[in-house]
Amino acid sequence: MAPFRDEAQEHLLESAPENGHHGGVKIEVRDLTKVSDKDVRILNKVNLDIPRGVIMGVIGPSGSGKSTFLRALNRLWEPASGSVLLDGVDICELDVLSLRRKVGMLFQLPVLFEGTVADNVRYGPQLRGKKLSDGEVHKLLALADLDSSFYGKSGGELSVGQAQRVALARTLANEPEVLLLDEPTSALDPISTQNIEDVLVRLKKDRGMTIVMVSHSIKQIQRIADVVCLLVNGEIVEILEPNQLSEAKHPMAQTFLQLS
Ligand SMILES: Nc1ncnc2c1ncn2[C@@H]1O[C@H](COP(=O)(O)OP(=O)(O)O)[C@@H](O)[C@H]1O
Ligand SMILES: [Mg+2]
């Protein structure tokens with residue numbers, strides 16, 4: 001039977017965002033598997049829907065595959081085709097550089113390029129032949145909670161926390177829709193950590209950004225995440241709301257939560 005749609009439904013579909021047909025899901029992960037050279041399963045048939053415009057936390061014991069999982073989402077390794085979809089499109093079908101602009105990533109330790117903070121922020125757009133104005137650079141710095149005094153500083157003059165915010169501004173210059181964060185604050189002091197957390201929450205609220213963050217801090221997850229997935233031995237064993245973490249049922253999950 002042909003699907004029936006009334007006019008109101010048609011209108012809703014048409015007025016939905018560009019890829020509204022995929023509902024609220026930004027990234028779909030389907031049977032994502034990675035086997036190491038030594039035939040060890042690092043990720044084992046991971047299935048997950050990452051909702052649009054939320055902060056999803058990823059936690060789990062070290063070695064459970066969190067970084068490997070995150071790195072598949074912007075093809076830092078090549079997942080099997082059809083196993084990661086962005087707005088319903090197989091990421092393997094996309095140009096890898098434009099995918100990485102759409103799906104930006106930050107690591108535990110920021111690596112700044114030579115030159116000034118402004119040079120770093122201009123880097124991505126420059127690769128595409130676009131020169132950001134001073135005003136645009138200042139806006140991006142402000143977005144990452146850096147005042148205008150940072151504009152001309154060099155990487156060597158910055159604390160790790162400041163450098164991480166510059167790395168964030170540099171990523172934001174590519175106007176990403178998704179941010180992947182791999183323990184972005186684990187090398188930072190509590191104040192810098194809070195700065196980054198505030199920026200992430202603002203990006204979600206003001207820009208509807210989708211954020212996937214690996215963290216070993218349960219407290220951090222509870223402060224900012226909307227949903228948490230627990231990865232153990234390359235498998236997602238639970239998906240929970242942050243305030244339900246103590247109710248996780250998997251035995252490894254319990255151990256992990258008690259120790260962290
Ligand atoms: N490219 C690789 N080749 C072989 N083994 C890897 C590779 N990358 C990660 N591993 C292994 O996969 C497991 C998961 O690693 P990782 O994703 O870094 O875990 P986590 O981030 O949760 O600590 C570890 O046992 C690690 O040694
Ligand atoms: Mg890791």
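Per an unreviewed UniProt entry, the protein carries the name ABC transporter I family member 17 and comes from Sesamum indicum. According to UniProt, the comment filed for the protein under the heading Sequence similarities (unreviewed entry) is "Belongs to the ABC transporter superfamily. ABCI family."

*Asks:* I tried to follow the site of ligand 1 on my own but got confused; where do I start?
*Replies:* Taken together, Ser36, Ile42, Pro61, Ser62, Gly63, Ser64, Gly65, Lys66, Ser67 and Thr68 are the residues near ligand 1. In this structure, an oxygen atom belonging to ligand 1 sits 2.7 Å away from a main-chain N or O atom of Gly63. Gly65 is positioned with one of its backbone polar atoms (N or O) 3.1 Å from an oxygen atom of ligand 1. Protein contact buries 54% of the 560 Å² of open area that ligand 1 shows by itself. A per-element tally of the shell around ligand 1 places helix H2 (residues 66-72) first, with three residues. In terms of residue class, the shell around ligand 1 is made up of two nonpolar, seven polar and one charged.

*Asks:* It is not clear to me how helix H5 (residues 134-143) should be interpreted in this structure. Could you clarify?
*Replies:* Side chains of residues three or four places apart in an α-helix project in the same direction, reflecting 3.6 residues per turn. All of the buried residues in H5 are Val137, Leu140 and Leu141. An end-on view of H5 places all buried positions within 100° of arc, on one side of the element. Of the surrounding secondary structure, the elements contacted by the buried residues of H5 are helix H4 (117-127) and helix H6 (160-172). Directly after H5, the chain includes Asp145, whose backbone phi takes a positive value near 65°.

*Asks:* Any chance you could explain the packing of aromatic side chains here in plain terms?
*Replies:* The relative placement of two aromatic rings is captured by the distance of their centres and the angle of their planes. Counting across every chain of the model gives one aromatic pair. On the basis of an interplanar angle of 50° and a centroid distance of 4.5 Å, the ring pair of Phe113 and Tyr123 is categorised as tilted. With a gap of 10 residues between them, Phe113 in the loop between strand S6 (103-106) and H4 and Tyr123 in helix H4 connect regions that are remote in the sequence. Residue Phe113 is classed as partly exposed on the basis of its relative accessible area, which comes to 36%. Tyr123 gets classed as partly exposed once you look at its relative accessible area, which sits at 38%. Above the ring of Trp77, the side-chain terminus of Lys34 is found at 4.6 Å from the ring centroid. Here the guanidinium or amino end of Lys153 rests over the ring plane of Phe150, the centre of that ring lying 4.6 Å away.

Each value, and the rule that gives it
Residues numbered from 1 in each chain as written. Chains lettered and ligands numbered in written order. Predicted model: local features only at pLDDT ≥ 70, side-chain atom pairs only at ≥ 80, totals over all residues. Heavy atoms only, no water. UniProt positions renumbered as here; feature names shortened; annotations may be inferred. Near = heavy atom within 4 Å. Polar contact = N/O pair within 3.5 Å; in protein donor to acceptor, adjacent residues only side chain to side chain. Areas by Shrake-Rupley, 256 points an atom, 1.4 Å probe, with all protein chains shown as cover. Helix = DSSP H or I, 4+ residues; strand = E, 2+ residues; numbered from the N terminus. Nonpolar A, V, L, I, M, F, W, Y, C, P; charged D, E, K, R; others polar. Buried < 20%, exposed > 50% of the residue type's maximum accessible area, 1.4 Å probe, protein only. Arc of directions from axis to C-beta. Contact = heavy atoms within 4.5 Å. Phe/Tyr/Trp six-rings, centres within 6.5 Å; stacked < 30°, edge-to-face > 60°. Lys NZ or Arg CZ within 6 Å of the ring centre and 35° of its normal.

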